[in-house]
Amino acid sequence: IDGLSALIENNLVQRRQARSGVSRFDMLDTIRAFGLEMLAADGEGVEVAQRHFDYFYGLVDADVTRGQQAFQPERVEAEIDNVRAALRWAINERNAINALTLAAAMREFWSVKGLSSEGRRWLDAALALAGTAPVSVRTAALDAACSHACHQGDLDSAGEYAALSLALNREQGDPFGFVLLDSLSRLKPPGVEENDNDALTEWLDALEEIASACGVW
């Protein structure tokens with residue numbers, strides 16, 4: 001606490017009040033860059049960056065990905081710059097597992113916030129690194145990308161993501177694509193009211209078309 005107070009008094013760290021009433025502390029970009037240089041010089045840069053990644057992945061996992069009842073995006077929204085920094089670090093380090101895992105975990109957050117385009121950009125960058133990442137990690141990312149493409153109305157791309165996911169699932173003994181079907185069944189139509197039967201029917205027809213094109217229906 002004393003160290004933090006000294007940094008604030010010397011204008012090296014700025015304190016601000018978040019909407020939640022919680023105090024937040026921002027470091028000047030020049031100070032942050034200098035600190036990162038010092039960490040790198042001491043050989044601690046990667047370790048600290050991994051700890052940063054682990055912390056914010058844990059936050060996303062706890063507040064966003066553990067079922068609809070646990071969905072609490074407020075903390076993630078407050079820390080979105082840190083989440084983006086964690087994603088950027090994982091991609092720049094070509095750490096496929098970290099990048100794919102966090103990008104997929106953010107699926108519901110991007111969708112709810114109307115940021116499917118950003119979600120797809122992160123996922124595409126992570127999928128380009130996929131390599132030898134576990135199949136379950138790659139399919140989760142592909143299913144998330146498929147979801148975002150559907151929300152954007154880009155059904156051609158959604159079908160491509162779904163086909164890749166299905167191929168990986170079949171390699172793992174899921175010949176009928178049950179994992180993919182489960183993912184498709186959980187997609188929500190963008191901007192459609194629950195009582196708009198015509199729009200819902202059109203949405204379901206589109207999902208059936210994707211599944212059929214992939215050979216799972």
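Residues numbered from 1 in each chain as written. Predicted model: local features only at pLDDT ≥ 70, side-chain atom pairs only at ≥ 80, totals over all residues. Heavy atoms only, no water.

Student: How should the overall build of the protein be read in this particular structure?
Tutor: Helices and strands together make up the secondary structure of the protein, namely twelve helices and two strands. Along the protein, helices and strands appear, N-terminal first, in the series α-β-β-α-α-α-α-α-α-α-α-α-α-α. Across the 217 residues of the protein, 39% fall into the buried class. A fraction of 58% describes how many contacts in the protein between residues 6 or more apart in sequence connect residues 24 or more apart. Counting only carbon and sulfur atoms, one obtains 51% of the accessible surface of the protein, whose full area is about 12700 Å². (Helix = DSSP H or I, 4+ residues; strand = E, 2+ residues; numbered from the N terminus. Buried < 20%, exposed > 50% of the residue type's maximum accessible area, 1.4 Å probe, protein only. Contact = heavy atoms within 4.5 Å. Areas by Shrake-Rupley, 256 points an atom, 1.4 Å probe, with all protein chains shown as cover.)

Student: Explain helix 2 (residues 29–41) to me, please; I cannot follow it from the model alone.
Tutor: When the terminal C-alpha atoms of helix 2 are compared, their 18 Å separation across 13 residues agrees well with the 18 Å that a helix rising 1.5 Å per residue should span. Immediately beyond the C-terminal end of helix 2, within one or two residues, lies Gly43, with a positive phi of roughly 75 degrees. (Expected span 1.5 Å × (residues − 1).)

Student: How should I be thinking about the nonpolar core in this particular structure?
Tutor: Within soluble globular proteins, side chains that are nonpolar tend to cluster in buried spots. Within the largest apolar cluster, 45 residues are counted, with the highest numbers of intra-cluster contacts made by Val60, Val76, Val83, Leu100, Leu102 and Met106. Within the residue set of this core, elements represented by two or more residues are helix 3 (45–63), helix 5 (80–92), helix 6 (96–105), helix 7 (107–112), helix 8 (116–127), helix 9 (135–151) and helix 10 (155–171). The biggest single contributor to this core is helix 9, with nine residues. With residues up to four places along the chain from it excluded, the contact list for Leu100 reads Ala126, Leu127, Ala130, Ala133, Val137, Arg138 and Ala141. (Core = buried A, V, L, I, M, F, W, Y, C linked by side-chain atoms within 4.5 Å.)

Student: I tried to follow the packing of helix 5 against helix 6 on my own but got confused; where do I start?
Tutor: The relative placement of two packed helices comes down to the angle between their axes together with the axis-to-axis distance. Relative orientation of the contacting elements helix 5 and helix 6 amounts to 150 degrees, with a least axis distance of 8 Å. Classified by the angle their axes make, helix 5 and helix 6 are roughly antiparallel. The two elements helix 5 and helix 6 meet at a crossing, and its hand is left-handed. Where helix 5 approaches helix 6, its residues Val83, Ala86, Leu87, Trp89, Ala90 and Ile91 are matched on the opposing element by Asn98, Ala99, Leu102 and Ala103. Looking at the contact of helix 5 with helix 6 residue by residue, the classes come out as nine nonpolar, one polar and no charged. (Axes fitted to C-alpha atoms, helices over the stretch in contact; angles between N-to-C directions. Parallel < 35°, antiparallel > 145°, perpendicular 65-115°, else oblique. Left-handed = near helix turned anticlockwise from the far one by under 90°. Nonpolar A, V, L, I, M, F, W, Y, C, P; charged D, E, K, R; others polar.)

Student: Looking at this structure, how should I read the packing of aromatic side chains?
Tutor: Given two aromatic rings, their pairing is described by the distance between the two centres and the angle made by the two planes. Inspection of every chain in the model, using the stated rule, returns four aromatic pairs. Summarising the aromatic geometry, the rings of Phe53 and Tyr57 are spaced 6.4 Å apart at their centres and angled 5 degrees between planes, so their arrangement reads as stacked. One end of the pair is Phe53 and the other is Tyr57, both in helix 3 and four residues apart, which spans about a single turn. Ring geometry for Tyr55 and Phe56: centres 4.9 Å apart, planes at 85 degrees, overall edge-to-face. The exposure class of Tyr55 is exposed, given its relative accessible area of 53%. Take Phe56: its relative accessible area is 8%, and that puts it in the buried class. Taken together, the ring pairs in this structure connect Phe53, Tyr57 and Trp89 into an aromatic cluster. (Phe/Tyr/Trp six-rings, centres within 6.5 Å; stacked < 30°, edge-to-face > 60°.)

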